[in-house]
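Fold and geometry: a report
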Amino acid sequence: MKKITVLGVTGSIGLQCVDVCLHHPEFVIEAMSAGKNISKVEEILTLLPVKHICVIKKEDCDYLKEKYPDRNFYFGNEGLEYIAKLPDVDIVLNAIVGFAGLLPTIEAIKAKKDIALANKETLVVAGHIICDLAKQNNVRLLPVDSEHSAIFQSMNGESKKDVRKIILTCSGGSFRDKSREELIGVSVEQALNHPNWSMGAKITIDSATLFNKGLEVIEAKWLFDLNYDQIEVLIHPESIIHSMVEFVDTSIIAQLGNPDMRLPIQYAFTYPTRKKLINATSLDLAKVATMNFRKPDLVRFKALDLAYQAGRTGGSMPCVLNAANEVANDLFQKNKIEFLMIEELVEKAMKNHQSIENPSLEQLIQVDKETREFVFNQIL
Ligand code: NAD
Ligand code: MG
């Protein structure tokens, strides 16, 4: 049996984790956190005997406490950090979106919990801190992002020194076939219409800009201890090959499957073994018939170029890239800015920042705050 805390249980990844646990009673959700979707929390409470539940607002916490006196409720960041380090829990799935996932991950690592990491922003912002802490506490960082799970699976039993490079595949998002000119005036609804995956709004917009792939490049650098010359991105519109590793002898090992995030979630729980994935169909390659690949054009997909720049600069620059993107992504979703302004604002924020080498957590929190203010001030 494995006891799990799920942070961000009401989101796309969180709910798919609930599905995995409903089919495999040996994975027990001991604790969970949610934002504002309280009816979803109540739905999950009718399905699973989760003991500890954290929400963002105190009034939601009070309401739930009264209605479900046999469970324990908490609220706010303190509550989140508390359920991330409960003594009984073996593994914490972090499926919160954005910078908000950083501090609970740190608490969970300090409490020696293995981390199933969907929240890529954590590694983008503070990869050096997270990796050092994980090492010190002998904690495993198990990737849940499909590309990183594919790399993780492809490296199984291999030696790190034999890796020449990794190839992150990329669907290209909602606008992969549009030119830059055709991106002028695209709507939020169009951007939210991802061709292959159904995901939360922020990551779906990030897939359309390609900031998602950019964040994943930085995430991969930390997870697999690579340099940026060893990380390539390849557009693969079918999303069948989830990523690949090339070894020094030119052999390439890849992981394939129908797009289904339940697989990397479940693999993070079952690693190093496997279990049947319920209600999943085998990949029918004859039906897929053709797979396409092309190199991303870094002028067309400027976000990817910015992410490589931020990663190579290092220090606090990836934190700036992430914070500016979070704000700009949200402004676009609220129809406050045009789609192409997202990358423009990120670029401006990066130009405005003098990177701090080896930043502390406190410095990163400050940089995140200042970058958010800077981006807001650009559109006043
Ligand atoms: P989502 O928006 O569907 O869900 C996010 C969850 O986090 C919700 O439960 C929400 O209530 C909670 N949350 C949001 N802000 C919070 C805050 N400030 N404090 C506490 N909780 C908060 O997002 P998602 O698509 O499930 O993505 C979650 C993470 O997983 C992201 O980092 C994303 O990049 C990554 N990821 C998602 C997918 C996918 O298929 N959805 C794939 C790979 C990686
Ligand atoms: Mg991914």
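Data block above holds the structure.
A brief structural summary. Computed from a prediction, not measured in an experiment: that's the story for all the values here. The written sequence of each chain sets the order in which its residues are numbered from 1. The order in which chains are written sets their letters, starting at A; the order in which ligands are written sets their numbers, starting at 1. Two thresholds apply to this predicted model, a pLDDT of at least 70 for residue-level local features and 80 or more for giving and counting side-chain atom pairs, whereas whole-chain, interface and lining totals are computed over all residues. To obtain the side-chain values, all non-hydrogen atoms of the structure were used and water was disregarded.

1. Quick look at the overall build of the protein chain
Secondary structure follows DSSP: runs of H or I at least 4 residues long count as helices, runs of E at least 2 residues long count as strands, and numbering of each begins at the N terminus. Along its length, the protein chain carries 16 helices and 11 strands. Two things to know: the radius of gyration comes from C-alpha atoms, and the globule rule equals 2.2 Å times the number of residues to the power 0.38. For 380 residues, the compact-globule estimate of 2.2 N^0.38 gives 21 Å, and the C-alpha radius of gyration of the protein chain, at 20 Å, lies within 12% of that figure. Note on contacts: a residue pair is in contact if any heavy atoms of the two residues lie within 4.5 Å. Intrachain contacts of the protein chain at a sequence separation of at least 6 include 68% that bridge at least 24 residues. Note that accessible areas follow from Shrake-Rupley with a 1.4 Å probe, and for residues the cover is restricted to the protein chains shown. Only carbon and sulfur atoms are counted for the fraction: they give 50% of the accessible area of the protein chain, which is about 16,600 Å². Residues counted as positive are Lys and Arg, residues counted as negative are Asp and Glu, and His and the chain ends are not counted. Taken as the charge location is NZ of Lys, CZ of Arg, CG of Asp or CD of Glu. Of the charged side chains in the protein chain, 43 are positive and 50 negative, and the gap between their average positions amounts to 2 Å.

2. Considering the packing of aromatic side chains
Classification of ring pairs rests on two measures: the distance between centres of Phe, Tyr or Trp rings, Trp counted by its six-membered ring, which must be within 6.5 Å, and the angle between planes, read as stacked under 30 degrees, edge-to-face over 60 and tilted in between. The tally for this structure, following the rule as stated, stands at 9 aromatic pairs. An angle of 50 degrees between the planes, with centres 6.4 Å apart, marks the rings of Tyr-68 and Phe-73 as tilted. Burial classes follow relative accessibility: with a 1.4 Å probe on protein chains only, a residue under 20% of its type's maximum area counts as buried, one over 50% as exposed, and anything between as partly exposed. Taking relative accessible area as the criterion, Tyr-68 reaches 14% and is therefore assigned buried. A relative accessible area of 6% means that Phe-73 is categorised as buried. Their ring planes at 45 degrees and their centres at 5.0 Å tell us that Tyr-74 and Tyr-82 sit as a pair that is tilted. A relative accessible area of 17% places Tyr-74 in the buried class. You can call Tyr-82 partly exposed: its relative accessible area is 40%. Directly above the aromatic system of Trp-222 lies the positively charged group of Lys-221, at a separation of 4.9 Å from the ring centroid. Working rule: Lys NZ or Arg CZ, within 6 Å of ring centre, within 35 degrees of ring normal, means a charge sits over the ring.

3. A short note on the sheet that holds strand β2 (residues 27-33)
Should DSSP find at least two bridges between two strands, the strands are regarded as paired. Ordered in space as β4-β3-β2-β1-β5-β6-β7, the 7 strands form an open sheet in which the pairing is parallel. Two strands close off the open sheet at either side, each with one partner strand: β4 (72-75) and β7 (141-143). Pairs of neighbouring strands in the sheet enclose a mean axial angle of 25 degrees, with direction left out of account. With 3 bridges connecting them, β2 and strand β3 (residues 52-55) associate as parallel partners. The partner of Ala-31 across the bridge, within β3, is His-52. Fitting a line to C-alpha atoms yields each axis, with helices limited to the stretch in contact; the angle taken between N-to-C directions then spans 0 to 180 degrees. Most of the contacts of helix α5 (residues 102-110) go to strand β6 (residues 114-117), to which it runs at about 150 degrees, and overall it touches β1 (2-7), β5 (91-94), β6 and β7. In this fold helix α6 (residues 120-136) packs onto β5, β6 and β7, with an angle of close to 140 degrees to the strand it touches most, β7.

4. A short note on the pattern of salt bridges
In what follows, salt bridge is the name for a side-chain nitrogen of Lys or Arg lying within 4 Å of a carboxyl oxygen of Asp or Glu. In the structure shown here, the tally under the stated rule is 33 salt bridges. Here Lys-120 ties to Glu-216 by a salt bridge, and the two come within 2.9 Å at their closest N and O atoms. One end of the pair, Lys-120, is in helix α6; the other, Glu-216, is in helix α10 (residues 211-224), and 96 residues separate them in sequence. No difference in accessibility class separates Lys-120 from Glu-216, as the two residues are buried. The salt bridge involving Asp-225 is made with Lys-160; its shortest N-O contact spans 3.8 Å. In this pair, Asp-225 is assigned in the loop between α10 and β9 (231-235) and Lys-160 in the loop between α7 (146-154) and β8 (163-170), connecting sequence segments 65 residues apart. Overall, Lys-160 belongs to the partly exposed group, its relative accessible area being 39%. Residues participating in the shared-partner salt-bridge network are Lys-120, Asp-145, Glu-147, Lys-213 and Glu-216.

5. Focus on the environment of Glu-343
Inspection of the secondary structure puts Glu-343 in helix α15 (residues 341-351). Note: C-alpha distance between Glu-343 and Asn-329 (14 residues apart in sequence) is 9.2 Å. Apart from the residues lying within four places of it in its own chain, the contact partners of Glu-343 are Arg-180, Phe-211, Lys-302, Ala-303 and Leu-306.

6. Observations regarding the coordination of the magnesium ion (ligand 2)
Tetrahedral coordination by four donors sets the ideal angle at the metal to 109.5 degrees; octahedral coordination by six donors sets it to 90 or 180 degrees. Each protein donor to the magnesium ion (ligand 2) is listed here as Asp-145 (OD), Glu-147 (OE) and Glu-216 (OE); together their distances run 2.1 to 2.3 Å. Coordinating donors are taken as N, O and S atoms within 2.8 Å of the metal, stretched to 3.2 Å for Na, K and Ca; because water is absent from the atoms, sites can appear incomplete. Mapped onto the polypeptide sequence, the residues donating to the magnesium ion (ligand 2) form the spacing pattern D-x1-E-x68-E. One end of the pair, Asp-145, is in the loop between β7 and α7; the other, Glu-216, is in helix α10, and 71 residues separate them in sequence. Residue Asp-145 shares its accessibility class with Glu-216, and that shared class is buried.

7. So, the layout of surface pockets
The method works on a 1 Å grid over the protein atoms by themselves. A cavity is a set of points holding a 1.4 Å probe that cannot get out, a pocket is an open set with protein on both sides within 12 Å along at least five of seven lines, and residues with an atom within 4 Å of a point line them. Grid points are joined across faces, edges and corners, and a volume is the space filled by probe spheres set on the points. In this structure, the second largest pocket spans a volume of roughly 680 Å³. Surrounding the second largest pocket, 23 residues form its lining, Leu-141, Trp-222, Leu-223, Phe-224 and Asp-225 being those nearest its centre. Mapped by element, the contributors of at least two residues to the lining of the second largest pocket are α6, β7 and α10. Here the residues of the lining of the second largest pocket are counted per class, giving 12 nonpolar, 4 polar and 7 charged. The classification used treats Ala, Val, Leu, Ile, Met, Phe, Trp, Tyr, Cys and Pro as nonpolar, Asp, Glu, Lys and Arg as charged, and all other residues, Gly among them, as polar.

8. Describing the site of ligand 1
The full set close to ligand 1 counts 22 residues, and Thr-10, Ser-12, Gly-35, Glu-121 and Gly-200 are the nearest of them. Polar contact is the term for a pair of N or O atoms within 3.5 Å; when the atoms are in protein, one must be able to donate a hydrogen and the other to accept it, and sequence-neighboring residues count only if both atoms are side-chain atoms. Here an oxygen atom of ligand 1 and a side-chain polar atom of Thr-10 are 2.7 Å apart. Take Ser-12: an N or O atom from its main chain is 2.9 Å from an oxygen atom of ligand 1. Contact with the protein chains removes 84% of the 830 Å² of surface that ligand 1 exposes when unbound. Going through the elements one at a time, α1 (12-23) and α6 are the ones with two or more residues in the shell around ligand 1. When its residues are assigned to classes, the shell around ligand 1 shows 12 nonpolar, 7 polar and 3 charged. By convention in these notes, a residue is near a molecule or strand provided one of its non-hydrogen atoms lies within 4 Å of it.

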